[in-house]
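Notes for the structure review
Chain by chain, the residues run as shown.
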Amino acid sequence: MRIKDIFETKQVVFSLEVFPPSPEVAIENIYQTLAELKDIDPDYISVTYGAGGAIKKNRTVELSTLLKEKYDIEALAHLTCINSSPQNIDRIMTELKNNKIENILALRGDKPISGEIQGDYTHAWQLIEQIKQSNDFGVAAACYPEGHLEAQNMQEDLNHLKYKVEAGVDYLITQMFFDNSLFYRFREQANNYGIKIPIEAGIMPVINKKQVGKIIELSGAYFPEKFKRIMLKYQDNPVALQDAGIAYAIEQIVDLISSEVDGIHLYTMNNPYVAKRIKSAVGSLISHINGLKNRQKNSPSLDKE
Ligand code: FAD
């Protein structure tokens with residue numbers, strides 16, 4: 001199934017992100033995690049591709065296939081093009097197609113620390129154009145409510161985003177953010193630039209101190225005062241910090257759903273306990289909102305009320 005079709009039927013799509021186990025670990029090690037994530041009934045699960053430079057690339061296809069075949073969950077395979085070649089990308093697309101994976105999150109990938117890009121690709125739009133040459137995949141892309149770290153300013157980033165979307169993107173997933181007002185501003189700006197496709201909000205529950213430094217390094221995300229207070233208050237109490245981090249993510253999600261977000265993409269960090277707690281807090285609200293949309297579609301008279 002193309003994920004863009006899920007957006008047609010739901011007011012709020014709820015999806016999860018996982019990363020593949022390291023190459024030296026048996027794939028069976030992730031079975032329990034996936035079974036628990038299936039229990040919370042996501043619309044689809046995305047699988048990262050060598051995120052953070054780790055050598056986990058080959059396992060994206062393997063894990064995406066497992067999600068579809070063993071767990072009957074729609075998969076979104078991340079694919080990065082930096083330091084790759086068109087032949088290599090074609091090879092991976094063939095593998096994905098042979099395994100009946102129908103959706104790709106097309107990404108450039110982070111530049112190496114040296115800043116020098118090797119290979120044939122400089123930006124994600126080139127990968128998107130290549131994927132779109134066949135009609136084999138639905139395509140998602142990344143976007144940045146606070147602007148991408150390399151962009152001079154938001155206007156420049158939005159211009160590039162518009163170009164990328166026009167290359168054939170079905171929907172966007174945002175970088176994590178901790179202040180919803182930044183997402184709302186971005187959504188409005190994107191709309192003003194003519195970007196009308198669904199935008200799923202990427203939510204990262206911060207449940208330990210180590211994550212904070214990593215987030216700053218990778219995304220440069222802004223932390224609001226109330227978030228900082230939580231981190232400061234509970235930094236030496238792991239259980240309280242986890243509880244507070246989950247509560248913060250839930251509060252963000254409820255506010256986003258109430259503001260007509262198209263979807264929530266939860267960065268699970270392969271932690272089903274956290275994902276379960278969040279879904280059990282917001283699942284019934286999402287079902288309610290999605291039920292309203294279905295009733296409106298099936299009963300024209302309700303539109304008039
Ligand atoms: P692009 O869209 O190419 O943008 C990169 C920069 O180039 C931006 O500053 C943009 O403004 C600029 N730009 C774009 N087009 C042009 C142009 N035509 N001319 C000049 N400048 C241009 N990384 C991984 O390695 N593996 C993953 O699995 C992964 N998953 C991710 C999932 C999500 C939801 C997100 C938000 C990010 C993910 N990343 C992942 C990180 C991502 O690869 C990096 O943020 C990367 O630096 C940019 O990727 P992009 O696809 O957004 O690139």
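Under an unreviewed UniProt entry, the name given to the protein is Methylenetetrahydrofolate reductase, and the organism recorded is Halanaerobium salsuginis. Entered under Sequence similarities (unreviewed entry) in the UniProt record, the comment concerning the protein runs "Belongs to the methylenetetrahydrofolate reductase family." In its Cofactor (unreviewed entry) section, UniProt records this for the protein: "FAD".

By secondary structure assignment, the location of arginine 295 is in helix 11 (residues 272-298). Residues arginine 295 and tyrosine 234, 61 residues apart in the sequence, show an inter-C-alpha distance of 44 Å.

For the rest of this paragraph, the subject is the site of the ligand. Among the 24 residues in the neighbourhood of the ligand, the closest are listed as His78, Arg108, His123, Ala124 and Ala142. Counting only elements with at least two residues in the shell around the ligand, the list comes to strand 3 (75-80), helix 5 (124-132) and helix 6 (154-166). Looking at which element gives the most residues to the shell around the ligand, the answer is helix 6, with four residues. Classifying every residue of the shell around the ligand gives nine nonpolar, 10 polar and five charged.

For the rest of this paragraph, the subject is the pairing of strand 3. Summarising burial for strand 3: six of the six residues are buried, a large majority. Neither face of strand 3 is exposed, since Ala75, Ala77 and Leu79 on one face and Leu76, His78 and Thr80 on the opposite face are all buried. Pairing of strand 2 (residues 44-47) with strand 3, which is carried by three bridges, proceeds in the parallel orientation. Paired with serine 46 across the strands is leucine 76, a residue of strand 3. Once you follow strand 3 into helix 4 (residues 86-98) and on to strand 4 (residues 103-107), the crossover reads as right-handed.

Turning our attention to the sheet that holds strand 4. Reading around the barrel, the eight strands line up as 1-2-3-4-5-6-7-8 and close back on themselves, with parallel pairing between neighbours. Across this sheet, the average inter-strand angle for adjacent strands is 25°, counted without regard to direction. Bridge analysis of strand 5 (residues 138-143) against strand 6 (residues 171-174) gives four bridges, and the strand direction is parallel. In the strand pairing of strand 6, cysteine 143 is matched with threonine 174. With respect to the sheet, helix 3 (residues 59-69) is in contact with strand 2 and strand 3, its orientation differing from that of strand 3 by roughly 170°.

Thresholds applied
Residue numbers run consecutively from 1 along every chain, following the written order of its sequence. Under the rules for a predicted model, residues below a pLDDT of 70 receive no local features and side-chain atom pairs below 80 are neither given nor counted, while totals for whole chains, interfaces and linings still include all residues. UniProt positions are given in the numbering used here, feature names are shortened, and annotations may be inferred rather than shown by experiment. By definition, any uninterrupted DSSP run of H or I lasting at least four residues is a helix, any uninterrupted run of E lasting at least two residues is a strand, and each is numbered from the N terminus. We call a residue near a molecule or strand when the C-beta position, derived from backbone atoms, sits within 6 Å of it. Charged residues are taken to be Asp, Glu, Lys and Arg, nonpolar residues to be Ala, Val, Leu, Ile, Met, Phe, Trp, Tyr, Cys and Pro, and polar residues to be all remaining types, Gly included. Exposure classification rests on a simple neighbour count of other C-beta atoms within 10 Å of a residue's own: a residue reaching 20 or more is buried, one at 12 or fewer is exposed, and one in between is partly exposed. C-beta atoms are placed from the backbone. Paired strands are those between which DSSP finds at least two bridges. The definition of a right-handed crossover adopted here requires that, viewed with the strands pointing away, the path from the first strand over the helix to the second runs clockwise. Throughout, an axis means a line fitted to C-alpha atoms (over the contacting stretch in the case of helices), and angles, computed between N-to-C directions, take values from 0 to 180 degrees. The contact rule is simple: place each C-beta atom from the backbone, and if two of them lie within 7 Å, those residues are in contact.

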